[in-house]
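# Observations on the model geometry
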Amino acid sequence: MQLMEAAQQPILRIDARTKFALLFGVGISSLTFPPFWLEATTFILISLLLALNKRHRTSVKFTVIFLIMLLLDWLVSWKVSGGFAALLFSLVRLGRLMLPIFMAGILLMKTTSVSEFMLSFERMHLPNKLIIPLSVMFRFIPTISEEWHSIRDAMRFRGIGISVRSVLTKPMMTLEYTMVPLLMSTATIADELAAASLSRGLDADTKRTSIEDVRLRPQDYLLIVFSIVIAVTGGML
Amino acid sequence: MIELKHVTFQYESAPEHVYSVRNINLTVQRGECVVLCGRSGCGKTTITRLINGLIPHYYEGKLSGHVSVNGAEIKNQQLSKISQYVGSVFQNPRSQFFNVDTTSELAFGCENQGLPKGDVLERIEEAANRFSLSGLLNRSIFELSGGEKQRIACASVYAVHPDIFVLDEPSSNLDPASILQLKDVLLKLKSEGKTLVISEHRLYYLLDIVDRFVWLDQGEIRSVYTREEILSFSPLQISAMGLRALDLNQVDLRTQPNRQKYSGHEFAFQNLDCKVSGHSVLHIESLRIPAGEIVAVIGHNGAGKSTLAGCLCGIRKHTGKIVYDKTERSNKKRLKESYMVMQDVNHQLFTESVRDEVMLNISEEQTEQAESILKQMGIAELANCHPLTLSGGQKQRVAIASALCAGKKILIYDEPTSGLDYESMRCACALIREVSRQAELSLVITHDLEFIMACCTCVLHIDHGTVKAFYPLDSRGKARVKEEFLLHKESEEEL
């Protein structure tokens, strides 16, 4: 159908379930300190996936950070020695291992629509009682970031801006000044959102249909297998 | 057909004997358009909720009487069932979308009914054609303007094919051009024989659509007017009912001229340029604003009004200078001196009591001054209340009081009157005028012609990221801004 063809489909469609699998796989693998070749493979794979899902800029940004961290790692091991070097070394290494996890997270959150989430959860045979709140949670993330921007502006007008210093010197106060308005505004939005979606039949007893084309394709199976393998073998290599 | 018989409702959280609506009797025929109007809190939103079933299925409370739609009692049916023949559009575009992209949103209602995929796609296409939405499909909801969001909201309800549309203050977050888009949508719905129930206090855009106006006061239906009857009222009578002007052409007849007082100081913008990811979104060669003015900043959504405000108060990075009486004021200094009253005041209330709020970040010695400001703003008796328990207007006062206590000199208001009824709008006017005496500059971003006429002293028209015009609101200026609003409407209609 013409209308739907206009949709800018990503070059390589991957299912939300695959994205979940990748997030867990990469997470477990990274925390078990994989050898460098595996780390690099994972990194390249995920940045490719990001690029193929219209997230070129994110992909490039992370690649640059990754390369800088590699360079740092190399410089440190070559030029400096002693306790300080060891500390720096492990910090840089740890940071680098976190990168693929962030990227897999971005892949999941930023390239999946709410209805894809709902449908994928259904396919995972999660109960309806869980699917609706989970989907609403994903729906909420961009809203929170929108609210957060205006709250941060509001704080700056009052001279209680968020900075590294304010977080270190007055962590509780900073937390309070951010959380109170954030919770209040999101609570209102959540209430209105719930009313609006119920009034549109979200909790109907009939089985929901979907216009999304959600199914596991060959690339999904490959990626899921990859995720399982790196998660399981991570500690052994 | 909608029938309300002896309906009385009290929200669960409301104190005893405070009824939201009392003894409502109302019948709406198929294909009829009924507008519920009255002051804020008169019960019009409650009636819309009674019809779409959110009362009693979502908002709980004590309900008596009968509400039935097409002969079936609302309280005995599930919400999902009701949603098949009653569609609802809400006030706040940012919280009525379940999806984050437009096409999924159009499909949402149909998907919930379990319609087969082919049918859903057909209905999306139908709705998109009906409301000329093809340019809006597959877009992120967050990129759309308020007017576009309301069109998507109407279309996504339309896709379910309900006979009845219930709209709760659908225009309150819209600019004049978007209101006309909404009017178009409503006219189309009416011409298809849909029943419309609209709660609203801005009536001018509904005059061509409505069959009956139902005027509510304190939860009761006081009178029902036909279109002719309401048109025969004088502007004074209309505002006495708490309603907004029926005809934008008449708005200045009931306001006194604003006095200009030149203080001798001025703000000057020189070569100001602000970029967002490489594109210049605001460019001002040179602009001089006399200090002490209340400037209405007008222009389309996305014309650069908020960017201008952001640059002025120092939270947006820009090149070029902002000068006060020949001395440049740095971003940092301006940020210290300025304060923005946001559209959602909840974003800027941080503490546990009104007193703490105004005392935030000011020294102990200023306590007395803070108390006097609280008194002056008429919120001294609320000093120990939690800011979030207050009404919208009171919150606005607290925010302004905290700005005054912190010695802010540049005050910016972001659409302070959106969604306000006539009286609240006048209160906001009085407040802004009062406070402007202590400020060097008051800037009001607004789409509200009635408010501009009643409160502002100059108009700054921003268009396509630059200053289109800046003029004082004397009698010529008034004629000009009015023309601007009316012409601007026509040119919008051609689009």
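Conventions adopted
Residues numbered from 1 in each chain as written. Chains lettered and ligands numbered in written order. Predicted model: local features only at pLDDT ≥ 70, side-chain atom pairs only at ≥ 80, totals over all residues. Helix = DSSP H or I, 4+ residues; strand = E, 2+ residues; numbered from the N terminus. Rg over C-alpha atoms; globule rule 2.2 N^0.38 Å. Buried ≥ 20, exposed ≤ 12 C-beta atoms within 10 Å, placed from the backbone. Contact = placed C-beta atoms within 7 Å. Pairing = 2+ DSSP bridges. Nonpolar A, V, L, I, M, F, W, Y, C, P; charged D, E, K, R; others polar. Axes fitted to C-alpha atoms, helices over the stretch in contact; angles between N-to-C directions. Parallel < 35°, antiparallel > 145°, perpendicular 65-115°, else oblique. Left-handed = near helix turned anticlockwise from the far one by under 90°. Expected span 1.5 Å × (residues − 1). Domains from an automatic or database assignment. pLDDT = per-residue confidence, 0-100. Core = buried A, V, L, I, M, F, W, Y, C linked by C-beta atoms within 7 Å. Bend = angle between axes of the 7 residues up to and from the residue.

Moving on to the overall build of chain B. Helix and strand counts for chain B come out as 17 helices and 20 strands. Here the C-alpha atoms of chain B give a radius of gyration of 24 Å, agreeing with the 23 Å that 2.2 N^0.38 yields for 495 residues. The principal-axis extents of the C-alpha atoms in chain B amount to approximately 70 × 50 × 45 Å. Counting the 495 residues in chain B, one finds 50% classified as buried. By sequence separation, contacts in chain B at least 24 residues apart represent 70% of the contacts at least 6 residues apart.

Turning our attention to the overall build of chain A. Along its length, chain A carries 10 helices and zero strands. When the helices and strands of chain A are placed in sequence order, the string is α-α-α-α-α-α-α-α-α-α. Overall, chain A is about 65 × 55 × 35 Å in size when its C-alpha atoms are taken along their principal axes. For chain A, with 237 residues in total, the buried portion stands at 30%. Sequence-distant contacts in chain A: of pairs separated by 6 or more residues, those separated by 24 or more amount to 75%.

Residues and elements named next belong to chain B. With six bridges joining them, strand 9 (residues 212-217) and strand 10 (residues 220-226) adopt antiparallel strand pairing. In the strand pairing of strand 10, L216 is matched with I221. Following strand 9, the chain reverses through two residues before pairing antiparallel with strand 10; Q218 in that reversal takes a positive phi of roughly 45°.

With that settled, consider the interface of chain B and chain A. Between chain B and chain A, the contact holds 49 residues from the first and 45 residues from the second. Elements supplying a minimum of two residues to the side of chain B that touches chain A: helix 3 (79-82), helix 4 (102-112), helix 5 (117-130) and strand 16 (338-341) of chain B. Of the residues in the side of chain B that touches chain A, the class split is 25 nonpolar, 18 polar and six charged.

This part covers the sheet that holds strand 5 (residues 72-73) of chain B. Residue and element names in this part refer to chain B. One open sheet holds the four strands; their spatial order is 2-1-4-5, and the pairing between them is antiparallel. Among the strands making up the open sheet, the edge pair consists of strand 2 (21-28) and strand 5. In the packing of helix 1 (residues 44-52) onto the sheet, contacts are made with strand 1 (2-11), strand 2 and strand 4 (61-69), and the angle to strand 1 comes to roughly 120°.

Right, let's get into the packing of helix 7 (residues 128-157) of chain A against helix 9 (residues 171-198) of chain A. Residue and element names in this part refer to chain A. The interhelical angle for the contact between helix 7 and helix 9, taken along N-to-C directions, is 135°, at an axis separation of 10 Å. By the angle between their directions, the pair helix 7 and helix 9 is classed as oblique. Considering the relative orientation of helix 7 and helix 9, their crossing is right-handed. The segment helix 7 lies against helix 9, with T143, I144, E147, W148, I151 and M155 engaging Y177, T178, P181, L182, S185, T186 and I189. Its residues placed into classes, the contact of helix 7 with helix 9 shows eight nonpolar, four polar and one charged.

This part covers the sheet that holds strand 7 (residues 164-168) of chain B. Residues and elements named next belong to chain B. Spatial ordering of the open sheet is given by 6-7-8-3-9-10, a layout of six strands whose pairing is mixed. The sheet is open, and its two edges are formed by strand 6 (86-89) and strand 10, each paired on a single side. The average angle at which neighbouring strand axes cross in this sheet is 20°, direction not considered. Here strand 6 runs beside strand 7; their pairing, made up of four bridges, is parallel. Residue pairing for strand 7: S88 is matched across the bridge by V166.

Compared with an ideal rise of 1.5 Å per residue, which puts 28 residues at 40 Å, helix 9 of chain A spans 39 Å between its outermost C-alpha atoms and is within 8% of the ideal. Of all the positions in helix 9 of chain A, only Y177, P181, S185, I189, L193, A195, A196, S197 and L198 of chain A are classed as buried. In this structure, the buried residues of helix 9 of chain A make contact with helix 7 of chain A together with helix 2 (54-57) and helix 3 of chain B.

The next point concerns the environment of L108 of chain A. Residue and element names in this part refer to chain A. Of note, L108 is situated in helix 5 (residues 83-110). Spatially, the C-alpha atom of L108 lies 7.7 Å from that of L23, the residues being 85 residues apart in sequence. Among all residues touching L108, those that are not within four sequence positions of it are K19, F20 and L23.

The subject of this paragraph is the domain arrangement of chain B. All names here are of chain B. Split by domain assignment, chain B resolves into domain 1 (2-246) and domain 2 (266-494). Once you take the C-alpha centre of each, domain 1 and domain 2 turn out to be 32 Å apart. Across the contact, 17 residues belong to domain 1 and 16 residues belong to domain 2. Considering every element that reaches the side of domain 1 that touches domain 2, the biggest residue donor is helix 7 (residues 176-191), with three residues. Here the side of domain 1 that touches domain 2 is built from residues that sort into five nonpolar, eight polar and four charged.

Take the confidence of the model for chain B next. All names here are of chain B. For chain B, mean pLDDT is 88; residues scoring 70 or higher make up 96% of the total. The low-confidence segment residues 491-495, where pLDDT is below 50, has three contacts with residues more than four positions distant or belonging to other chains. Across the interfaces of the predicted complex, the ipTM metric reaches 0.85, alongside a pTM of 0.85.

What follows concerns the nonpolar core. V35, V297, A401, V444 and C456 of chain B are the most contacted members of the largest nonpolar core, which has 170 residues in total. Here V297 of chain B is in contact with K305, L308, L443, V444, I445, L460 and I462 of chain B, once residues within four sequence places are set aside. Grouped together as the second largest cluster of nonpolar side chains are 16 residues, I14, A21, L23 and F66 of chain A included.

Let's shift gears to the confidence of the model for chain A. Low pLDDT means the predicted coordinates in that region are not meant to be read closely. When pLDDT is averaged along chain A, the result is 84, and 94% of the positions lie at 70 or above. Within the model, pLDDT remains below 50 along residues 1-7 of chain A, and this stretch shows nine contacts once partners closer than five positions in the same chain are excluded.

Moving on: unusual backbone geometry. Residue and element names in this part refer to chain B. Cis geometry is found at the peptide bond from I55 to P56, where omega equals 5°. With respect to the helices and strands, the residue P56 is situated in helix 2. The phi dihedral of Q218 falls on the positive side, at around 45°, and the residue is not glycine. Checked against the element boundaries, Q218 lands in the loop between strand 9 and strand 10. Overall, the presence of 14 C-beta atoms within 10 Å leaves Q218 in the partly exposed class. Phi angles above zero are rare outside glycine, and E415 is one such case at about 40°.

With that settled, the discussion passes to the environment of D414 of chain B. Residues and elements named next belong to chain B. Relative to the helices and strands, D414 resides in strand 17 (residues 410-414). Separated by 31 residues in the primary sequence, D414 and I445 have C-alpha atoms spaced 5.0 Å apart. If we ignore the near neighbours within four places in the chain, the residues touching D414 are S306, M340, V341, M342, Q343 and I445.

Residue and element names in this part refer to chain B. It is the contact of helix 4 with helix 6 (residues 146-158), at a shortest axis distance of 7 Å, that shows an interaxial angle of 35°. In the crossing of helix 4 with helix 6, the sense of the turn from one axis to the other is right-handed. Facing helix 4, whose interface residues are T102, E105, L106, F108 and G109, helix 6 presents I152, A155, S156 and V157. A per-class count over the contact of helix 4 with helix 6 returns five nonpolar, three polar and one charged.

A few words on helix 7 of chain A. An ideal rise of 1.5 Å per residue puts 44 Å on 30 residues; helix 7 of chain A measures up with 44 Å between its terminal C-alpha atoms. F140 of chain A marks where helix 7 of chain A bends most, by close to 35°; the proline P142 of chain A follows one to four residues later. Every buried residue belonging to helix 7 of chain A is among S135, R139, T143, E147, I151, A154, M155 and F157 of chain A, and all of these are buried. Tucked inside the fold, the buried residues of helix 7 of chain A contact helix 6 (114-123) and helix 9 of chain A together with strand 16 of chain B.

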